[in-house]
Amino acid sequence: MAVSAGADAASAVSYEPVIGLEIHVQLATRTKMFCGCEMSFGDPPNTHTCPVCLALPGALPVVNELAVHLALMIGLALGCELAPRSIFHRKHYFYPDLPKGYQISQYDEPLCRGGSLGGVRLHRVHMEEDAAKLIHMGASGRIHGSEISVVDFNRGGSPLVEIVTEPDVHSAEQAGEWLRLLRVTLRQLGVSDVNMDEGSLRCDANVSLRPAGTTALGVKTELKNLNSFRFIEAGIRAEIARQEGVLDAGATVSQETLHFDPSSGQITSLRSKEEAHDYRYFPEPDLPPVAITEQMIARARAAMGELPLDREQRLQQAFGLTAERARALAFRRELGDYFEQAVAAGGDHGATPTELLQTLANLIAVELPPRIGSDTDPFDCSVTPAAMLALARMLATKQINMGGARTVIERLAEHGGEVEAIVAQEDLGALGDGDELATVVAAALAAHPDAAERLRTGNQKAIGPIVGFVMRETKGRADGSEVTRLVHQQLGL
Ligand SMILES: [Zn+2]
């Protein structure tokens, strides 16, 4: 995407944003990365600690086997090359949330390299431990008038995987869309709860601009800890605009780490960006290399299940669904499962017309969720997959219209039941091409002679009040296209 850098023709340069993403994913293990402390969120501070994660002298780390297994699943799902042997490094920096004075991470021999997801190439995927949580007390905690911060070591040592993309993203919207894809993929794998509010998925974005049409990379800045999709997109947009301003003024962008404040939209500098040599990386002497065996890879592969992008393709090919519907179903596993059960309720899907499958997919992906609670698992409500298939059949054969179908879903969500019985009970059946509908149409034309005349002389929009009259008279049971046909027929069009 090219961004115009201003209206002034003399200085109008178009820039292309170049964005790389770094995502930290907290793995869904029972214990921490290098010790037996239980993983916790929301427990009282400093209740899940031990000599290892508090860095007491003489304590030795041990690699969490499940964390390696989950990291391998991520590497396989993203099509990475898995290193048969990878090693941990110490990454040094001094900060109160890091009791050892270094973080155990991976450096030049990471677990996974390369790979791609949804058209964005990956640079690497590596394992590391999380830092503890610093809590700034603000006005509520002061010593001798100075603000203080406290440390909760419960999070310290949690297992993380860092996923680093190549700079293949070129807009804020693309970044948001890609991160959503990554999130559903990780959720489907079951490797993390990917809860952004609780910090299980955190994103940094490296942003630079270059004149459109050139290939050299500009100076990049790093936006830290963007913790919602909305903030990620807003932050990147704001940083692109800031860099445009800097470049248009003839200045240069300086390499630094930035903080985006979503409430004010302001970007502030945290620090000038460290170079790798500032961290004094060296191999962790207390941990052996991680040696991956064929058995470990086979076990990870067997645990994976079908990935969302693969399912999207299969739903399109096997059922003839549009890309949009297939994605809506594939990206929420329970909706996809529910759809496939509904199809199975009708027997061999090869004999089911594509139009009916489309209607069914539409009902399940679009109409059902808002009527049962958008985050509710459809298997936990009283609407059965078979009932949705029955309803789709009535829609496809025009025995009911969409308005009636929505009412049926509401009734099913309230108390379950049989679709046909609800339609009969509430008189929701569509008025078809019988005499009854023709009579109502005639009455509508008589009630709106002006509109009828305009329609006769070619003004298509004039049909609005006539259709409105019919829908009111029939309590919404008429089929819209049938009404249009009858109107045209009666006007001799
Ligand atoms: Zn511990």
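Observations concerning the domain arrangement of the chain
Right, on to step 1. For the chain, the domain assignment lists domain 1 (2-301), domain 2 (308-425) and domain 3 (435-491).
Right, on to step 2. Each of domain 2 and domain 3 has a C-alpha centre, and these two points are 31 Å apart.

Some details on helix H4 (residues 294-302)
Right, on to step 1. Taken residue by residue, H4 has Met 296, Ile 297 and Ala 300 as its buried positions. Looking straight down H4, one finds its buried side chains confined to an arc of 100 degrees; they lie on one side. The exposed residues of H4 that point more than 90 degrees off its buried face are Glu 294, Gln 295, Arg 301 and Ala 302.
Right, on to step 2. Buried residues along H4 sit against helix H1 (65-77), strand S3 (81-82) and strand S20 (290-291).

Some points on the nonpolar core
Right, on to step 1. Grouped together as the largest cluster of nonpolar side chains are 111 residues, with contacts concentrated most on Leu 21, Ile 23, Ile 74, Ile 163, Trp 178, Ile 236 and Phe 339.
Right, on to step 2. Split by domain, the residues of this core number at least three in each of domain 1 (2-301) and domain 2 (308-425).
Right, on to step 3. Ignoring anything within four residues of it in the chain, the contact list for Ile 74 reads Leu 27, Val 125, Val 161, Ile 163, Leu 186, Leu 189 and Val 191.
Right, on to step 4. In terms of nonpolar packing, the next biggest core, distinct from the first, is built from 20 residues, Leu 437, Ala 452, Val 467 and Leu 486 among them.

Digging into the side chain of Gln 106
Right, on to step 1. Mapped onto the elements of the fold, Gln 106 is located in the loop between strand S6 (102-105) and strand S7 (112-113).
Right, on to step 2. Only 3.3 Å separates the side chain of Gln 106 from the backbone oxygen of Ile 87, close enough to count as a polar contact.

Considering the coordination of the zinc ion
Right, on to step 1. The zinc ion binds to the protein through Cys 35 (SG), Cys 37 (SG), Cys 50 (SG) and Cys 53 (SG); the donor distances cover 2.3 to 2.4 Å.
Right, on to step 2. With 4 donor atoms in place around the zinc ion and angles of 101 to 114 degrees between them, the coordination shape is tetrahedral.
Right, on to step 3. Here the donor residues of the zinc ion share one chain and are spaced in sequence as C-x1-C-x12-C-x2-C. Placement of the pair is Cys 35 in the loop between strand S2 (14-26) and H1 and Cys 50 in the loop between S2 and H1, with a sequence separation of 15 residues.
Right, on to step 4. Looking at Cys 35, the relative accessible area reads 13%, which means it is buried.

Brief notes about the packing of aromatic side chains
Right, on to step 1. Tallied over the full model, the rule gives 6 aromatic pairs.
Right, on to step 2. Consider the rings of Phe 34 and Phe 88, whose centres lie 5.4 Å apart with planes at 85 degrees: the pair is edge-to-face. With Phe 34 in the loop between S2 and H1 and Phe 88 in the loop between strand S4 (85-86) and strand S5 (89-92), this pair connects stretches of sequence that are 54 residues apart.
Right, on to step 3. On the basis of relative accessibility, which here comes to 4%, the residue Phe 34 falls in the buried class.
Right, on to step 4. Ring centres 3.8 Å apart and planes at 10 degrees place the aromatic pair Tyr 107 and Tyr 281 in the stacked group. Placement of the pair is Tyr 107 in the loop between S6 and S7 and Tyr 281 in the loop between strand S18 (266-272) and strand S19 (282-283), with a sequence separation of 174 residues.

A few points about unusual backbone geometry
Right, on to step 1. Positive phi is not limited to glycine here, since Asn 46 has a value of about 60 degrees.
Right, on to step 2. In this structure, Asn 46 sits in the loop between S2 and H1.
Right, on to step 3. Although it is not a glycine, Ala 55 adopts a positive phi angle of roughly 65 degrees.
Right, on to step 4. Relative to the elements of secondary structure, Ala 55 occurs in the loop between S2 and H1.
Right, on to step 5. For Ala 55, a relative accessible area of 26% puts it in the partly exposed group.

Section: empty space enclosed by the protein
Right, on to step 1. Following the criterion strictly, the structure yields 1 cavity of 30 Å³ or more and no others.
Right, on to step 2. Approximately 60 Å³ is the volume found for the largest cavity.
Right, on to step 3. Surrounding the largest cavity, Cys 53, Asp 97, Leu 98, Pro 99, Lys 100, Tyr 102, Glu 129, Asp 130, Ala 131, Ala 132, Gly 156 and Gly 157 form its lining.

Some words on the pattern of salt bridges
Right, on to step 1. Inspection of the entire model under this criterion finds 31 salt bridges.
Right, on to step 2. With a shortest N-O distance of 3.2 Å, Arg 85 and Glu 109 are connected by a salt bridge. Within this pair, whereas Arg 85 is found in strand S4, its partner Glu 109 is found in the loop between S6 and S7, the two being separated by 24 residues in sequence.
Right, on to step 3. Overall, Glu 109 belongs to the partly exposed group, its relative accessible area being 28%.

Some details on the layout of surface pockets
Right, on to step 1. One number sums up the size of the second largest pocket: a volume of about 460 Å³.
Right, on to step 2. What lines the second largest pocket is a set of 17 residues, and nearest its centre among them are Arg 183, Val 184, Arg 187, Phe 331 and Arg 332.
Right, on to step 3. It is helix H2 (residues 172-189) that contributes the most residues to the lining of the second largest pocket, 7 residues altogether.
Right, on to step 4. When we break the lining of the second largest pocket down by domain, the ones giving at least three residues each are domain 1 (2-301) and domain 2 (308-425).

Conventions used here
Residues numbered from 1 in each chain as written. Predicted model: local features only at pLDDT ≥ 70, side-chain atom pairs only at ≥ 80, totals over all residues. Heavy atoms only, no water. Domains from an automatic or database assignment. Buried < 20%, exposed > 50% of the residue type's maximum accessible area, 1.4 Å probe, protein only. Helix = DSSP H or I, 4+ residues; strand = E, 2+ residues; numbered from the N terminus. Arc of directions from axis to C-beta. Contact = heavy atoms within 4.5 Å. Core = buried A, V, L, I, M, F, W, Y, C linked by side-chain atoms within 4.5 Å. Polar contact = N/O pair within 3.5 Å; in protein donor to acceptor, adjacent residues only side chain to side chain. Donors = N, O, S within 2.8 Å, 3.2 Å for Na, K, Ca; no water. Tetrahedral: all angles 85-135°; square planar, octahedral: opposite > 155°, others 65-115°. Phe/Tyr/Trp six-rings, centres within 6.5 Å; stacked < 30°, edge-to-face > 60°. 1 Å grid on protein atoms, 1.4 Å probe; cavity = no way out; pocket = protein on both sides within 12 Å on 5 of 7 lines; lining within 4 Å. Points joined across faces, edges and corners; volume = space filled by probe spheres on them. Salt bridge = Lys/Arg side-chain N within 4 Å of Asp/Glu carboxyl O.

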